[in-house]
Amino acid sequence: MESRVQTVSSSASKASVRRLQNYVDGRFVGGAREFDDVNPADGSVIARVSEADRELVDAAVRAARRAVNGPWGKAGVRERAAMLNKIAEGIERRFEDFLAAEVADTGKPVSLARRLDIPRGTANFRTFADIIKTAGVEAYQTETADGRQALNYAVRKPVGVVGIVTPWNLPLLLLTWKAAPALACGNAVVVKPSEETPATATLLAEVMHEAGMPAGAFNLVHGFGPESAGEWLTTHPEVDAITFTGESKTGAAIMKACAPGVKPVSFELGGKNAAIVFADADFDAAVAGVAEAVFMNTGQVCLCAERVYVERAIFDKFVAALKQQAEAQVAGWPMEARTTLGPLISSAHRDKVMGYFKLAKEEGAKVVTGGGALKSGDARDQGFWVQPTILTGLEECARCVREEIFGPVAHVAPFDSEEQAIALANDTQYGLAASIWTSRLDRAHRVAQEMRTGITWVNSWFLRDLRTPFGGVGLSGIGREGGTHSLDFYSQLNNVCIKI
Ligand code: NAD
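Read on for an overview of the structure. This is a predicted model, so every value here is computed, not measured.

Here strand S13 (residues 265–268) shows a buried face lined by Val265 and Phe267 and a second buried face lined by Ser266 and Glu268. Relative to S13, strand S12 (residues 241–245) runs parallel, the two being bridged by 4 bridges. Bridge pairing links Thr245 to Glu268 in S13. Where S13 lies against strand S21 (residues 477–478), 2 bridges are found, and the strand directions are antiparallel. Paired with Phe267 across the two strands is Ile478, which belongs to S21.

Now the structure itself:
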């Protein structure tokens, strides 16, 4: 095959950079324009990306339709499952390529991408290969008015052409989380990854190609949101369903775009998640767990905790311990094994997070640690680094307590009772995740069940079983994906009723 990743000389940089293309109808194709793929660790241009124009997005959707009506749509469950497993093997075979591409695109620590992002890419395909093989349908026998019987059974069919739009924070993980179940159900997909992180999606297209995925079943279009590939995909009349992960306000725009066609949407959106730490918790475990929830991926995970509520009896001790954890973060080069904290994704996002640091001070926060840009005195100073930051003293109505910042920052506040902790945690328009730290079993169940969230962890954070429902309430999303919940979104049930 023609390799999709070529080394070319860039006008934007003296160094040689790769060129990333779109993948449509089984072929790698360029676009009318190109944009830069930037390494956030030092601001260097690492690739030039072909932007899909409206015609190319249209060609991708039409190719997907042909695939649904053709060999891929007609493939049996065993054949689809085998293909998914082959794709998992393909990712595994090129593990180091995926790893290097993800780290360069996102700036995340290599240790994190090695244990989380790339393995989850393969796990998503393997999990849905297994699930689709064992998925059953419901059946009912019904008594009819004339004393006979009717047999009802539901047939699971693909939805058709699924548009997938994904963000930059966990690029391969989140894209495959949607592409794998969509393909498992026999749909064809058109994927629009984030403009910030196009590399692993392009490698995945190569893996699809090498695995012999029928042309049109998996299509990749690069570009931006409004007036670019994102908008053209989500407004395309021939797309049957849209699945999206990203900001809540983008979700609202996509929902509006889908309304005229009454298209089903599945949305995994933003969060302003709470961690609740009771005085009876295992203190060291709670400190380590909350620190991970605040700083993992430089706070750029929808599930990260930006609001930490700590029982007053241990508040000062906990804040001091969390400060220590913040100051122990190692903001090294992303490919160094010792690095635990990377840069933010872009200069625009760095400016947004720095804006919240400034706002926090204006709103009366005490900055326990951090609160500024992070300087290293080398090429990283051209990148987008900020200090791990702990704040206290804000009112609950402060914008920094209410709005998603998406950086390595949390506000810590005291509480005096279980009821107050529940009320504080739930006082948000978001509702994605919560974590509760306690050694009391009754309290753990009681508080967990009161959380207005899609997922609640007790004495843990980010522990995921891919068969369980995942999603959010309020501004955090619509629907649930995971296990058979994903099958429910990516397939249609046709109930057949037979009088017997
Ligand atoms: P974003 O909404 O800016 O962009 C996400 C994707 O949508 C990108 O591919 C972008 O090009 C595209 N897009 C933007 N505007 C569009 C439009 N009008 N029409 C069609 N497509 C459009 O989000 P982001 O900044 O890339 O990601 C960060 C956000 O994602 C945070 O809010 C985070 O909480 C959220 N997130 C949620 C989950 C979850 O599972 N709930 C997981 C990861 C990230």
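On we go from here.
Next up on the list: the packing of aromatic side chains. Taken as a whole and judged by the stated rule, the model has 11 aromatic pairs. Between Phe35 and Phe224, the ring centres sit 4.7 Å apart and the planes meet at 55°, which makes this aromatic pair tilted. Here Phe224 lies in the loop between strand S11 (218–220) and helix H8 (229–234) and Phe35 lies in strand S5 (residues 33–38), a separation of 189 residues in the sequence. Taken together, a centroid distance of 5.5 Å and an interplanar angle of 75° make the contact between Trp168 and Phe406 edge-to-face. One end of the pair, Trp168, is in the loop between strand S9 (161–165) and helix H6 (171–184); the other, Phe406, is in the loop between helix H13 (399–402) and strand S18 (409–415), and 238 residues separate them in sequence. The class of Phe406 is buried, set by a relative accessible area of 12%. A network of ring pairs unites the aromatic residues Phe128, Trp177 and Phe470 as a single cluster. The cationic tip of Lys317 hangs over the ring face of Phe283; the distance from NZ or CZ to the ring centre is 4.2 Å.

In this section: the environment of Ala410. Position of Ala410 relative to the elements: it lies in strand S18. Placed 74 residues apart in sequence, Ala410 and Glu336 show a C-alpha to C-alpha distance of 26 Å. Ala410 has contacts with Val294, Ala305, Glu306, Val308, Thr389, Ile390 and Leu391, leaving out every residue within four places of it along the chain.

Before going further, it helps to examine the side chain of Ser346. If you trace the backbone, Ser346 turns up in the loop between helix H11 (315–327) and helix H12 (347–362). Reaching out from Ser346, the side chain makes a polar contact with the backbone nitrogen of His349 at a distance of 3.0 Å. The residues contacting Ser346, other than those within four sequence positions of it, are Glu196 and Phe384.

Glancing now at the packing of helix H4 (residues 95–106) against helix H5 (residues 110–134). For any two helices packed against each other, one specifies the inter-axial angle together with the distance between the axes. Between H4 and H5, whose axes approach to 10 Å, the crossing angle comes to 120°. Comparing their axes, H5 and H4 come out oblique. Remark: the crossing between H4 and H5 carries right-handed chirality. In contact with Phe95, Glu96, Phe98, Leu99, Glu102 and Val103 of H4, H5 contributes Val110, Ala113, Arg114, Asp117, Ile118 and Pro119.

Within the open sheet, the 7 strands sit side by side as S16-S17-S18-S15-S14-S19-S20. Their pairing is mixed. Across the chains shown, the open sheet's two edge strands, defined by having one partner strand only, are strand S16 (366–369) and strand S20 (455–458). On average, each strand axis in the sheet is inclined to that of its neighbour by 25°, with strand direction left out of account. Strand direction decides the pairing type here: strand S17 (residues 389–392) and S18, joined by 4 bridges, are parallel. Opposite Ile390, over in S18, you have Ala410 as the bridge partner.

Conventions used here
- Residues numbered from 1 in each chain as written.
- Predicted model: local features only at pLDDT ≥ 70, side-chain atom pairs only at ≥ 80, totals over all residues.
- Heavy atoms only, no water.
- Buried < 20%, exposed > 50% of the residue type's maximum accessible area, 1.4 Å probe, protein only.
- Helix = DSSP H or I, 4+ residues; strand = E, 2+ residues; numbered from the N terminus.
- Pairing = 2+ DSSP bridges.
- Phe/Tyr/Trp six-rings, centres within 6.5 Å; stacked < 30°, edge-to-face > 60°.
- Lys NZ or Arg CZ within 6 Å of the ring centre and 35° of its normal.
- Contact = heavy atoms within 4.5 Å.
- Polar contact = N/O pair within 3.5 Å; in protein donor to acceptor, adjacent residues only side chain to side chain.
- Axes fitted to C-alpha atoms, helices over the stretch in contact; angles between N-to-C directions.
- Parallel < 35°, antiparallel > 145°, perpendicular 65-115°, else oblique.
- Left-handed = near helix turned anticlockwise from the far one by under 90°.

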